[in-house]
Amino acid sequence: MTQEYKNVFGKVFLNVTVDNVNRWVHTDWFGYLTEENIKAGALAYTEAVRKSGYSCVLNDTSNVVGGWDHSLDWVVNEWSPQAAGAGVKHFAMVTAPESFAAATASNFVSSVEAFEVRIFQSIGDAQSWLHQYTINA
């Protein structure tokens, strides 16, 4: 089942799907992200991780326009420990190459210590990496 999250203008900025076949939570982000969108979305899929009992997140940011530096400190220092506490161990982030969002993602990867994060430019590569942690889970 997919849960949609909309911004104040009624546009979807995030879809969160608990993927029971692959045993991970799949997030799909869209458009320009405000700090409020990022906080609400991150907390929502963290709760999906907690409820599902899965330890992997497939985080697709390839459709994000612009960076999210405005939220990086919160994501690294507040959210990532909460996510680890909810069960996140492996986090695959898909980015569009040479985008502002990809630049922020690189800063995120180098700063997070609560769980393992990898950046991918294709969803297939991200899925392949996550499968090694879910195949026998």
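First, a word on scope: everything that follows refers to the structure included in this document. Quantities reported herein were computed from a predicted structural model and do not represent experimental measurements.

Here the focus is the sheet that holds strand 3 (residues 24-31). Backbone hydrogen bonds hold the strands of a sheet together, and the pairing may be parallel or antiparallel. Strands sit in the order 1-2-3-4-5-6 across an open sheet of six strands; the sheet is mixed. Across the chains shown, the open sheet's two edge strands, defined by having one partner strand only, are strand 1 (2-6) and strand 6 (116-120). The mean inter-strand angle of the sheet, taken between neighbouring strand axes irrespective of direction, is 15°. Looking at chain direction, strand 3 and strand 4 (residues 56-64) are connected through six bridges and run parallel. Paired with valine 25 across the strands is valine 57, a residue of strand 4. Where helix 1 (residues 35-52) meets the sheet, its contacts fall on strand 1, strand 2 (12-19), strand 3, strand 4 and strand 5 (90-94), and the angle it forms with strand 3 comes to roughly 165°.

Trp29, Tyr45, Trp79, Val88, Phe91 and Phe115 are the most contacted members of the largest nonpolar core, which has 26 residues in total. Elements supplying a minimum of two residues to this core: strand 2, strand 3, helix 1, strand 4, helix 2 (72-86) and strand 5. One finds Trp24, Leu58, Ala92 and Trp129 within the second-largest nonpolar core, a separate group that totals nine residues.

The next subject is the pattern of salt bridges. Scanning the entire structure with this criterion turns up three salt bridges. Here lysine 39 makes a salt bridge to glutamate 35, at a shortest N to O gap of 3.2 Å. Pair noted here: lysine 39 and glutamate 35 are both in helix 1, with a separation of four residues, about one helical turn. The partly exposed category is assigned to lysine 39, whose relative accessible area is 27%.

Now for the packing of aromatic side chains. Each pair of aromatic rings is reported with the distance of its centres and the angle of its planes. Under the defined criterion, the tally for this structure stands at nine aromatic pairs. Residues tyrosine 45 and tryptophan 79 carry aromatic rings whose centres are separated by 5.7 Å and whose planes lie at 65° to one another, so their mutual orientation is edge-to-face. Residue tyrosine 45 is located in helix 1, and its partner tryptophan 79 is located in helix 2; the two are separated by 34 residues in the primary sequence. Here tyrosine 45 and tryptophan 79 have matching classes, each one buried. Measuring from centroid to centroid gives 5.8 Å for phenylalanine 120 and tryptophan 129, while their planes differ by 40°, and the two rings are tilted. Classification of phenylalanine 120 by relative accessible area gives buried; the value is 14%. Residue classification places tryptophan 129 among the buried positions, given a relative accessible area of 7%.

Rules of the game
- Residues numbered from 1 in each chain as written.
- Predicted model: local features only at pLDDT ≥ 70, side-chain atom pairs only at ≥ 80, totals over all residues.
- Heavy atoms only, no water.
- Pairing = 2+ DSSP bridges.
- Helix = DSSP H or I, 4+ residues; strand = E, 2+ residues; numbered from the N terminus.
- Axes fitted to C-alpha atoms, helices over the stretch in contact; angles between N-to-C directions.
- Contact = heavy atoms within 4.5 Å.
- Core = buried A, V, L, I, M, F, W, Y, C linked by side-chain atoms within 4.5 Å.
- Buried < 20%, exposed > 50% of the residue type's maximum accessible area, 1.4 Å probe, protein only.
- Salt bridge = Lys/Arg side-chain N within 4 Å of Asp/Glu carboxyl O.
- Phe/Tyr/Trp six-rings, centres within 6.5 Å; stacked < 30°, edge-to-face > 60°.

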